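# Observations on the model geometry
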Amino acid sequence: MIAGTTVCAMQIQGIVKERNEYKRLLDECLSVFNAVPNQPFIDHHQTYKLKAKIDTAFRRFNN
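The structure reproduced in this document is the subject of the present report.

Looking now at the overall build of the protein chain. Within the protein chain one finds 2 helices and 0 strands. For the protein chain, the residues scored as buried account for 10% of the 63 residues in total. Across the protein chain, contacts joining residues at least 24 apart in sequence account for 31% of those joining residues at least 6 apart. Summed over all atoms, the accessible surface of the protein chain reaches about 5500 Å², with 63% contributed by carbon and sulfur.

Owing to its 3.6 residues per turn, the α-helix brings residues three or four apart onto one side. Taking 1.5 Å as the rise per residue, helix H2 (residues 47-61) with 15 residues should run 21 Å; its terminal C-alpha atoms sit 21 Å apart, in good agreement. For H2, every residue scored as buried is listed here: Thr-47, Lys-51, Ile-54 and Phe-58. Each buried residue of H2 sits inside an arc of 65° when the element is viewed along its axis, so together they form one side. Residues Lys-49, Lys-53, Arg-59 and Arg-60 are exposed on H2 and point more than 90 degrees away from its buried face. Contacts from the buried residues of H2 go to helix H1 (9-35).

Another aspect to go through is the pattern of salt bridges. Inspection of every chain in the model, using the stated rule, returns 3 salt bridges. Of the charged contacts, one joins Glu-21 and Arg-24 as a salt bridge, the two residues approaching to 2.6 Å between their closest N and O atoms. Of the two residues, Glu-21 and Arg-24 both sit in helix H1, 3 residues apart, roughly one turn of that helix. Residue class for Glu-21 comes out partly exposed when judged on its relative accessible area of 36%. Salt-bridge contacts for Glu-28 lead to Arg-24; the nearest nitrogen and oxygen are separated by 2.2 Å. Of the two residues, Glu-28 and Arg-24 are both situated in helix H1; the distance of 4 residues between them amounts to about one turn of the helix.

Scoring rules and cut-offs
- Residues numbered from 1 in each chain as written.
- Predicted model: local features only at pLDDT ≥ 70, side-chain atom pairs only at ≥ 80, totals over all residues.
- Heavy atoms only, no water.
- Helix = DSSP H or I, 4+ residues; strand = E, 2+ residues; numbered from the N terminus.
- Buried < 20%, exposed > 50% of the residue type's maximum accessible area, 1.4 Å probe, protein only.
- Contact = heavy atoms within 4.5 Å.
- Areas by Shrake-Rupley, 256 points an atom, 1.4 Å probe, with all protein chains shown as cover.
- Expected span 1.5 Å × (residues − 1).
- Arc of directions from axis to C-beta.
- Salt bridge = Lys/Arg side-chain N within 4 Å of Asp/Glu carboxyl O.

Structural data, given as C-alpha cells:
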C-alpha cells in the first residue's frame, strides 16, 4: 500500500470485476480472430498479429 492512501475492499472488488470483464471481452475477440482469415485492417495490422498481442498480454498478467 502507498503511504497515506487507503484502499477499501469495495474498490479492490471493483477493479477486479472490471479486469475480469475486459478479459472476457478479449477472450471473445480471440474467438472471433480464430474464425477470421489473416486480413489486414486499420493501420495495416493483421488479425493474427493482434491475436498474438492479446495472447502475450494474457500470459504476462495471468501469472
